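Summary of structural features
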Number of protein chains: 2
Amino acid sequence: MNIVMIGSGNVATHLGAAIINEGHSILQVWSRDLDRAKTLADNLEKSGSEVYAINQFSDLITDADLYIISVADDGIEQVLKNMPKVNGCIVHTSGSTNMHVIAPFSTNYGVFYPLQTFSKNVSIDLLDTPILVEASNDHGLDLLNELALSISNRVQYCDSDQRMSLHLAAVFVCNFTNHLYAIGHDLLAEKNLDFDLIRPLIFETAQKVQRELPKQVQTGPAVRNDEVTMVKHLNQLQNHPEWLALYDTMSNLIAEQNKDKSIS
Amino acid sequence: MNIVMIGSGNVATHLGAAIINEGHSILQVWSRDLDRAKTLADNLEKSGSEVYAINQFSDLITDADLYIISVADDGIEQVLKNMPKVNGCIVHTSGSTNMHVIAPFSTNYGVFYPLQTFSKNVSIDLLDTPILVEASNDHGLDLLNELALSISNRVQYCDSDQRMSLHLAAVFVCNFTNHLYAIGHDLLAEKNLDFDLIRPLIFETAQKVQRELPKQVQTGPAVRNDEVTMVKHLNQLQNHPEWLALYDTMSNLIAEQNKDKSIS
């Protein structure tokens, strides 16, 4: 499959690497910033054939099979407006953007959404990463399924409305969770305790819900209605009013969801 | 080492199993509820010598080396008041309870705190679980270090004030995180999407901070200051005012902590 990658961020980088590793060709990488396009193109070339870095849409080849737009959500439409007419399928990789934003620019389009968190310098195996696909026609869907199944064992059709909910859920379980880790880090740092002390707990908390459902394995003072401990915690948070408010909010939500389980 | 376990909950169960596996003897298990004491005693007997279940403190043997009080925090003092005078070291396993609550009842006491989340039916290897120890005297500390080092590679001294912060941090990174998973589950369920779709993301989010610090790997619309996406998410949450408020709170906290990183 001949592919053009439009974008050079974390998703483009990780997706590009996985695509090349499976023997597909990425012909060009476009980025507004030519240096960034070159960095990604060079990386991809290491494990495949030549990849051209471009930053002008006038240089875009128009006969690739697939154009993957992997830029910030608010840049997708700008790309679509500026790129030349192409025959291949045009997809974006955004969780929270409707597929049909591409409709004014093509009849052959879709979405290729890898549901995972990608960071610079953190490599990741996409085999277990769900890839959600959606397309404007059967031909496009076949193409996206073929590509997705070559890099992941977990490919699923999902419409734009469902994908919005997946993306929202991802923000809760990934972005917000990571910030709770950051708060944990800061609470320990205040007492000269190393973050390493709670890494096993973080890992086990995620590990536990790989088989169980979260509600079934909820632990802690809020679900036990252990007010003595909660009052101690609130006292400890006096110097952090915003974390104190968060503690209160989360404890109430947990108590509410687990009313039936409380031992009080 | 001859040990008496006072309590039969999740911590007592997991700790008891690890202790027996390392060749120590648990002589008795006390629980207010004799059936629960028997269940744990039977479990422990499978991999060791005889373990007696009791529910009367008058039956407690008084010459064990160590008495581990592993009951709900608000039950610790009740246990101390009711148990007979013993010569061995008395410890509790509570993160948020000061060591000195034991002082009125003994001169030989301490804390044995495994920093992990324990659920029924979810087995766990304690080798990587930090065990935080504290004791009223050197003899007690030696004893606790010996026991802790036999079941874990990560044993550390920690005073009561530090342990309170560890426990509070644990609530944020474990209990609150698990509730974010529960919200994610419910958001997907509303669209007939399986929780399995976000399990890899949950795992990777925890995996990523095993080497990196959370602040360094924060992703998502809040840290990018991507207001278009955040407005979409808030609209999706109109029917869940409490999650909408949480979304707002968390996004503000993330934006605040990462001011310097925003691309806007």
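Residues numbered from 1 in each chain as written. Chains lettered and ligands numbered in written order. Predicted model: local features only at pLDDT ≥ 70, side-chain atom pairs only at ≥ 80, totals over all residues. Heavy atoms only, no water.

1. A look at the overall build of chain A
Filter applied, for reference: Working definition: helices are DSSP H or I runs of at least four residues, strands are E runs of at least two. Numbering for both runs from the N terminus. Accessible area is worked out with a 1.4 Å probe on protein chains only. A residue is then buried under 20% of its type maximum, exposed over 50%, and partly exposed in between. Pairs of residues are marked as contacts when any of their non-hydrogen atoms sit within 4.5 Å. Areas reported here follow the Shrake-Rupley algorithm with a probe of radius 1.4 Å; residue values treat only the protein chains shown as occluding. Charge counting treats Lys and Arg as positive and Asp and Glu as negative, with His and both chain ends excluded. Note that the charge is assigned to NZ on lysines, CZ on arginines, CG on aspartates and CD on glutamates.
Helix and strand counts for chain A come out as nine helices and eight strands. For chain A, the C-alpha atoms occupy an extent of roughly 70 × 40 × 30 Å along the three principal directions. Across the 264 residues that make up chain A, the buried fraction comes to 55%. Counting contacts in chain A only where the partners sit at least 6 residues apart, residues at least 24 apart contribute 54% of the total. Of the accessible surface of chain A, which amounts to about 11200 Å², a share of 45% is contributed by carbon and sulfur atoms. On chain A, the mean spot of the 18 positive side-chain charges and the mean spot of the 32 negative ones are 7 Å from each other.

2. Considerations on the interface of chain B and chain A
For clarity, the cut-off: As used here, buried area is the combined drop in accessible area, with a 1.4 Å probe, of two parts when they are placed together. A side-chain nitrogen of Lys or Arg and a carboxyl oxygen of Asp or Glu constitute a salt bridge if their distance falls within 4 Å. Any pair of N or O atoms that falls within 3.5 Å is considered a polar contact. Within protein, one atom must be able to donate a hydrogen and the other to accept it, and sequence-neighbouring residues count only if both atoms are side-chain atoms.
Counting residues at the interface gives 87 residues for chain B and 87 residues for chain A. For the pair chain B and chain A, the summed buried surface comes to about 8800 Å²; carbon and sulfur atoms form 67% of the total. Broken down residue by residue, the surface that chain B buries against chain A is led by F172, L197 and L201 of chain B, which jointly contribute 8%. The interface formed by chain B and chain A contains four salt bridges. In this structure, D196 of chain A and R154 of chain B form a salt bridge, with 3.3 Å as the shortest nitrogen-oxygen distance. Linking chain B with chain A are 40 residue pairs in polar contact (both at pLDDT 80 or more), by the criterion used here.

3. Structural notes on the relation of the copies chain B and chain A
Quick reminder of the rule: Alignment of the copies relies on least squares applied to C-alpha atoms, considering only residues that score at least 70 for pLDDT in both.
Superposing chain B onto chain A takes a rotation of 180° combined with a translation of 0.0 Å along the rotation axis, leaving an RMSD of 0.0 Å. Overall, the copies show the geometry of a two-fold rotation axis. When C-alpha distances to the rotation axis are compared across chain B, the minimum falls at T177 of chain B, with a value of 2.7 Å. The overlap is high: 100% of the interface residues of chain B also sit at the interface in chain A, so the same surface is used on both sides.

4. Topic: the pattern of salt bridges
Using the criterion set out here, one finds twelve salt bridges over all chains in the structure. Residue K191 of chain B pairs with D161 of chain A through a salt bridge whose shortest N-O separation is 2.9 Å. With one member in each of two chains, K191 of chain B in the loop between α5 (160–189) and α6 (199–208) and D161 of chain A in helix α5 (residues 160–189) form a pair that bridges those chains. D226 of chain B serves as the salt-bridge partner of R224 of chain B, at 3.0 Å between the closest nitrogen and oxygen.

5. Brief notes about the packing of helix α9 (residues 241–257) of chain A against α5 of chain B
Basically, it comes down to this: Orientation is described by lines fitted to C-alpha atoms, with helices fitted over the stretch in contact, and by angles between N-to-C directions that extend from 0 to 180 degrees. Each angle gets one of four labels, with under 35 degrees taken as roughly parallel, over 145 as roughly antiparallel, 65 to 115 as roughly perpendicular, and the rest as oblique. Here is the rule for handedness: rotate from the far helix to the near one, and if that takes an anticlockwise turn smaller than a right angle the crossing is left-handed, while a clockwise turn gives right-handed. Throughout this entry, Asp, Glu, Lys and Arg are counted as charged residues, while Ala, Val, Leu, Ile, Met, Phe, Trp, Tyr, Cys and Pro are counted as nonpolar. The remaining residues, Gly among them, count as polar.
Contact geometry for α9 of chain A and α5 of chain B: axes closest at 10 Å, N-to-C directions at 50°. With respect to α5 of chain B, the element α9 of chain A is oriented oblique. Two packed elements cross with a definite hand, and for α9 of chain A against α5 of chain B that hand is left-handed. Along the contact surface, α9 of chain A presents W243, L246, Y247, M250, S251, L253, I254 and Q257 of chain A, while α5 of chain B presents L168, V171, F172, N175, F176, H179, L180, A182 and D186 of chain B. Within the contact of α9 of chain A with α5 of chain B, the residues separate by chemical class into twelve nonpolar, four polar and one charged.

6. A short note on the pairing of strand β6 (residues 109–114) of chain A
Sheet faces and side chains relate simply in a regular strand, where the side chains alternate between the two faces. Residues and elements named next belong to chain A. What counts is decided by this rule: The rule for pairing is simple: two strands pair if DSSP sees at least two bridges between them.
With six of six residues buried, β6 lies mostly within the body of the structure. Both strand β5 (residues 89–92) and β6 contribute to a ladder of three bridges, which runs parallel. Bridging across to β6, H92 finds its partner in V111.

7. Quick look at the sheet that holds strand β4 (residues 66–69) of chain A
Residue and element names in this part refer to chain A. In space, the eight strands of this open sheet follow the order β3-β2-β1-β4-β5-β6-β7-β8, with mixed pairing throughout. Where the open sheet ends on each side, the last strands, each with one partner, are β3 (52–54) and β8 (155–157). Neighbour-to-neighbour, the strand axes of this sheet turn through a mean angle of 25°, independent of strand direction. In the packing of helix α1 (residues 10–21) onto the sheet, the strands contacted are β1 (2–6), β2 (25–30), β4 and β6, and the crossing angle to β1 comes to about 165°.

8. Notes on the nonpolar core
Rule in force here: Within this scheme, the nonpolar core is defined by two criteria: the residues are buried Ala, Val, Leu, Ile, Met, Phe, Trp, Tyr or Cys, and they are joined through side-chain atoms within 4.5 Å.
Among the nonpolar cores identified, the biggest contains 112 residues, and M83 and F172 of chain A together with M83 and F172 of chain B are the most heavily contacted of them. Those residues in contact with F172 of chain B that lie beyond four places of it in its chain are L180, I183, L187, L237, W243, L246 and Y247 of chain A together with T177 of chain B. Membership of the second largest hydrophobic core comes to 31 residues, among which are A18, C89, F118 and L126 of chain A.

9. As for the pairing of β4 of chain A
Residues and elements named next belong to chain A. Here β4 shows a buried face lined by L66 and I68 and a second buried face lined by Y67 and I69. Pairing of β1 with β4 involves four bridges; the strand directions are parallel. Its bridge partner lying in β4, M5 is registered against I68. Sheet topology note: the β4/β5 ladder contains four bridges and is parallel.

10. Considerations on the sheet that holds strand β1 (residues 2–6) of chain B
All names here are of chain B. Ordered by their spatial adjacency, eight strands build an open sheet running β3-β2-β1-β4-β5-β6-β7-β8, and the pairing between neighbours is mixed. Sheet topology places β3 (52–54) and β8 (155–157) at the edges, where each strand pairs with a single neighbour. For this sheet, the mean inter-axis angle between neighbouring strands, taken without regard to orientation, is 25°. Pairing geometry for strand β2 (residues 25–30) and β3, over three bridges, is parallel. Bridge assignment links Q28 to a residue of β3, and that residue is Y52. Strands in contact with helix α2 (residues 34–45) are β2 and β3; relative to β3, the strand with the most contacts, it is inclined by about 165°.

11. Comments concerning the packing of aromatic side chains
Note the threshold: Geometry of aromatic contacts follows a simple scheme: Phe, Tyr and Trp rings, the Trp one being its six-membered ring, pair when their centres are within 6.5 Å, and the pair is stacked under 30 degrees between planes, edge-to-face over 60, tilted otherwise.
The tally for this structure, following the rule as stated, stands at nine aromatic pairs over all chains. Ring geometry for F176 of chain A against Y247 of chain B: centres 5.2 Å apart, planes inclined by 65°, an arrangement best described as edge-to-face. In this pair, F176 of chain A sits in helix α5 while Y247 of chain B sits in helix α9 (residues 241–257), so the two residues belong to two different chains. Of the two residues examined, F176 of chain A and Y247 of chain B, each falls in the buried class. Ring plane angle 15° and centroid distance 4.4 Å describe the contact between W30 of chain B and F57 of chain B, whose orientation is recorded as stacked. Within this pair, whereas W30 of chain B is found in strand β2, its partner F57 of chain B is found in the loop between β3 and β4 (66–69), the two being separated by 27 residues in sequence. One exposure class covers both W30 of chain B and F57 of chain B, and it is buried.

By themselves, these observations are geometric and do not establish any function.
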